[in-house]
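The residues making up each chain are set out below.
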Amino acid sequence: MNYKTILLTGAALLISSQAMAAQDITGAFAVPGKGQFTSDTRIGMTRANVKWTAGNESVSAANDGLYAEEQIEYGITDKFSVNAGIANAFDKDAGYSTFWGAAFGEKDKSYNNDHNFAYNVGAKYNTSYEDALFQAAVSYTTWNPHSFYGHHSGTGNDWQKNLGLDLKAGLDLGNGITPYIVYHIDSDIDVAHRELNQSVSVGVHKYTGKWALDGALRYEWTKNHADFWYNDVDGEEYFGNTTETWLDASADYYLKDNVVLGVYGSYLIDSHDRSLKVDGINVPVKNHQSTTYELGLHVKVLF
């Protein structure tokens, strides 16, 4: 091997290494390349404290939760990918303090493999025009089955199914900076009361090759929300419209060009019940307060 061949070989290896390092697998528009997989493993916890009044009644409640999740994504092309995932929520801890004496101080902490699994499948498609980036993503999610295989328990309403759509747009400003906006909509299916969730997120993603930071402000509004705090207390049906404002953030470090270790979290800034129906009757809702957050750790691998 002569000197010129050595130089060309070294240059090829350097270019290949730089190309691999330049692939951001953490951003809002990240999809694996053609024939590549990503594995995203997450563990996290949630905490919710809620206090509000509805009509003549007052409720305060707390809920803790832990979860584990695995998402696999495969690149059909460099722009189109499919994904599937499984998650399990466990150690649910709910406590109520209400004017209803029968429920006062009620605590329930349970772990049940038969009821806490959730499954999802979906697809993403990316496109771009000059420095503008676009992505459309669809998802189907099912959770709370009677058994691991998703059978009904006989009540006919315990197997939840949901369809979702995400539309994203961003601008590549160079130097690893990408501001973006996301519109999300999802709805339950195959149930009498279909909850409709919508949100808009505005954020910025920064990638340097060794680390990535992401921050976004998210505004959510939900129609026909089933208020499980009340439903769990006295068995009546409570449905309402809610709005929430969240702060989302994440920080990722590249252990290798294809391995990321990161932390993420969300914090509820503001929350309101705009209306509430109790067995079909409108009830005024006041003083809805909530301290809710989520924290998690994840490892993402490209292979």
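Everything numeric in this text was worked out from a predicted model, so none of it was measured.

Conventions and cut-offs
- Residues numbered from 1 in each chain as written.
- Predicted model: local features only at pLDDT ≥ 70, side-chain atom pairs only at ≥ 80, totals over all residues.
- Heavy atoms only, no water.
- Helix = DSSP H or I, 4+ residues; strand = E, 2+ residues; numbered from the N terminus.
- Buried < 20%, exposed > 50% of the residue type's maximum accessible area, 1.4 Å probe, protein only.
- Salt bridge = Lys/Arg side-chain N within 4 Å of Asp/Glu carboxyl O.
- Phe/Tyr/Trp six-rings, centres within 6.5 Å; stacked < 30°, edge-to-face > 60°.
- Contact = heavy atoms within 4.5 Å.
- pLDDT = per-residue confidence, 0-100.
- Core = buried A, V, L, I, M, F, W, Y, C linked by side-chain atoms within 4.5 Å.
- Pairing = 2+ DSSP bridges.
- Patch = residues over 30% accessible without salt bridge, like charges linked within 9 Å, V, L, I, M, F, W, Y side chains within 5 Å.
- Areas by Shrake-Rupley, 256 points an atom, 1.4 Å probe, with all protein chains shown as cover.

Visitor: Sorry, what's going on with unusual backbone geometry here?
Guide: Glycine aside, a negative phi is what most residues show, and trans is what most peptide bonds show. A positive phi angle, close to 55°, is found at glutamate 130, a residue other than glycine. Relative to the elements of secondary structure, glutamate 130 occurs in the loop between strand E5 (117-129) and strand E6 (132-143). Judged by relative accessible area, which is 68%, glutamate 130 ranks as exposed. The phi angle at asparagine 175 is positive, at roughly 60°, despite the residue not being glycine.

Visitor: Can you walk me through the pattern of salt bridges in this structure?
Guide: Side chains that differ in charge, positive against negative, can pair when their charged atoms come close. What the rule picks out here adds up to four salt bridges. Linking aspartate 40 and arginine 42 is a salt bridge whose minimum nitrogen-to-oxygen distance equals 3.3 Å. Two residues, aspartate 248 and arginine 218, come together in a salt bridge whose shortest N-O distance is 2.8 Å. Placement of the pair is aspartate 248 in strand E11 (residues 238-256) and arginine 218 in strand E10 (residues 211-226), with a sequence separation of 30 residues. The network of salt bridges with common partners includes Arg218, Glu220 and Asp248.

Visitor: It is not clear to me how the environment of glutamate 195 should be interpreted in this structure. Could you clarify?
Guide: Tracing the backbone shows glutamate 195 in the loop between strand E8 (177-189) and strand E9 (196-207). Along the chain, glutamate 195 and lysine 223 lie 28 residues apart, while their C-alpha atoms are 5.8 Å from each other.

Visitor: Any chance you could explain the packing of aromatic side chains here in plain terms?
Guide: Aromatic ring pairs: the centre-centre distance and the angle between the two ring planes describe each pair. Enumeration over the complete set of coordinates arrives at four aromatic pairs. Both rings, one in phenylalanine 37 and one in phenylalanine 303, keep their centres 5.7 Å apart while their planes meet at 15°; by these two values the pair is stacked. Here the residue phenylalanine 37 occupies a position in strand E1 (residues 37-54), and phenylalanine 303 occupies one in the segment after strand E14 (285-302), the gap between them amounting to 266 residues. We classify phenylalanine 37 as partly exposed; its relative accessible area is 31%. On the basis of an interplanar angle of 35° and a centroid distance of 5.8 Å, the ring pair of tyrosine 219 and tryptophan 221 is categorised as tilted.

Visitor: What's the story with the side chain of threonine 292 in this structure? I'm lost.
Guide: The topology assignment puts threonine 292 in strand E14. Its relative accessible area of 14% is what places threonine 292 among the buried residues. Dropping the residues within four chain positions of it, threonine 292 is found in contact with Arg47, Ala48, Asn49, Trp246, Ser266, Tyr267 and Leu268.

Visitor: Before we go on, may I ask you to explain the confidence of the model for the protein in this structure?
Guide: Residues shown with low pLDDT carry predicted positions that ought not to be read at fine detail. Residues of the protein with pLDDT of at least 70 account for 62%, and the chain-wide mean is 76. Of all the helices and strands in the protein, helix H1 (residues 3-21) carries the lowest mean pLDDT, 41, while E9 carries the highest, 95. When the criterion is pLDDT under 50, residues 3-21 qualifies, and its contacts beyond four places in sequence or with other chains add up to eight contacts. Within the model, the stretch residues 148-157 combines pLDDT values under 50 with 13 contacts to residues more than four positions away or in other chains.

Visitor: So what exactly am I meant to see when it comes to the nonpolar core here?
Guide: Within soluble globular proteins, side chains that are nonpolar tend to cluster in buried spots. If you look at the biggest cluster of nonpolar residues, it comprises six residues: Ile25, Tyr207, Ala212, Tyr254, Val260 and Leu302. When near neighbours in sequence (up to four residues on either side) are disregarded, alanine 212 contacts Thr26, His205, Lys206, Tyr207, Ser250, Ala251 and Asp252. Within the second largest apolar cluster, five residues are counted, among which are Phe29, Tyr180, Val182 and Ala216.

Visitor: I tried to follow the pairing of strand E7 (residues 160-171) on my own but got confused; where do I start?
Guide: Looking along a regular strand, one sees the side chains alternate between the two faces of the sheet. Relative to E7, E6 runs antiparallel, the two being bridged by twelve bridges. Looking across to E7, one finds that tyrosine 140 is bridged to leucine 163. Bridge analysis of E7 against E8 gives ten bridges, and the strand direction is antiparallel. Residue pairing across strands places asparagine 162 opposite aspartate 188, the latter belonging to E8. Linking two consecutive strands that pair antiparallel, namely E7 and E8, is a turn of five residues; a positive phi of about 85° is found at glycine 174 within it.

Visitor: Explain a nonpolar patch on the surface to me, please; I cannot follow it from the model alone.
Guide: A contiguous nonpolar surface patch, about 770 Å² in accessible area, is contributed by Ile43, Trp211, Leu213, Tyr253, Leu255, Leu261, Val263, Leu297 and Val299. Contributing elements (two or more residues each) for the nonpolar patch: E10, E11, strand E12 (259-278) and E14. Relative to the elements of secondary structure, valine 263 occurs in strand E12. Overall, the relative accessible area of 45% leaves valine 263 in the partly exposed class.

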